[in-house]
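The lines below spell out each chain.
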Amino acid sequence: QGQLVESGGESVQSGDSLRLSCAVSGLPFDRVAIGWFRQAPVKEREFVARVSRSGYTKQFADSVEGRFAISKDNTRNTVYLEMNNLTPADTGLYYCAADVQHVYGTPLPDDYGYWGQGTQVTVSS
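These notes cover the structure that comes with them. Predicted model only: the values in this text are computed from it and were never measured. (Residues numbered from 1 in each chain as written. Predicted model: local features only at pLDDT ≥ 70, side-chain atom pairs only at ≥ 80, totals over all residues. Heavy atoms only, no water.)

Taken as a whole and judged by the stated rule, the model has one disulfide. Bridging C22 to C96, the disulfide has an S-S length of 2.1 Å. Disulfide C22-C96: torsion about the S-S bond near 75°, hence right-handed. Of this pair, C22 sits in strand β3 (residues 18-25) while C96 sits in strand β9 (residues 92-99), placing them 74 residues apart in sequence. Since its relative accessible area comes to 0%, C22 is described here as buried. (Disulfide = S-S within 2.5 Å. Helix = DSSP H or I, 4+ residues; strand = E, 2+ residues; numbered from the N terminus. Buried < 20%, exposed > 50% of the residue type's maximum accessible area, 1.4 Å probe, protein only.)

So this is what it looks like as structure tokens:
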């Protein structure tokens, strides 16, 4: 059974950087696309970024474009989300998820069948 474990979330100041990790086990890592989503209190879960099975195709939400980067390390079965120039609007519980059906992944949470437990990111002004 597939398992995803996020790590790296913490409390930081505006302008700081963080790197989140998503360790994947129990799934053929080169056959899954990975997405990152976040959820702030009293808000719906929103798409942040995704990376294709190969690691070459990537997509970002408009709100993080140019500040965040995503990478897929097939040797470590881990996906990284590099977050730069963080603002309070980036605060939330960050989840990674695996899509086994779509080669490139999608920005839709319902397309992801496996989810981690989340890691908290808090950005103070």
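We are not done yet, so read on.
As a further point, take the sheet that holds strand β8 (residues 78-83). Strand order in the open sheet formed by four strands is β1-β3-β8-β7, and the pairing between neighbours is antiparallel. Two strands in the sheet have a free side with no partner beyond their single neighbour: β1 (3-7) and β7 (68-73). Strand-to-strand twist across the sheet, computed as the mean angle between neighbouring axes with direction ignored, equals 15°. In the sheet, β7 pairs with β8 via six bridges, with the strands oriented antiparallel. Counted as the bridge partner of S71 is Y80 from β8. (Pairing = 2+ DSSP bridges. Axes fitted to C-alpha atoms, helices over the stretch in contact; angles between N-to-C directions.)

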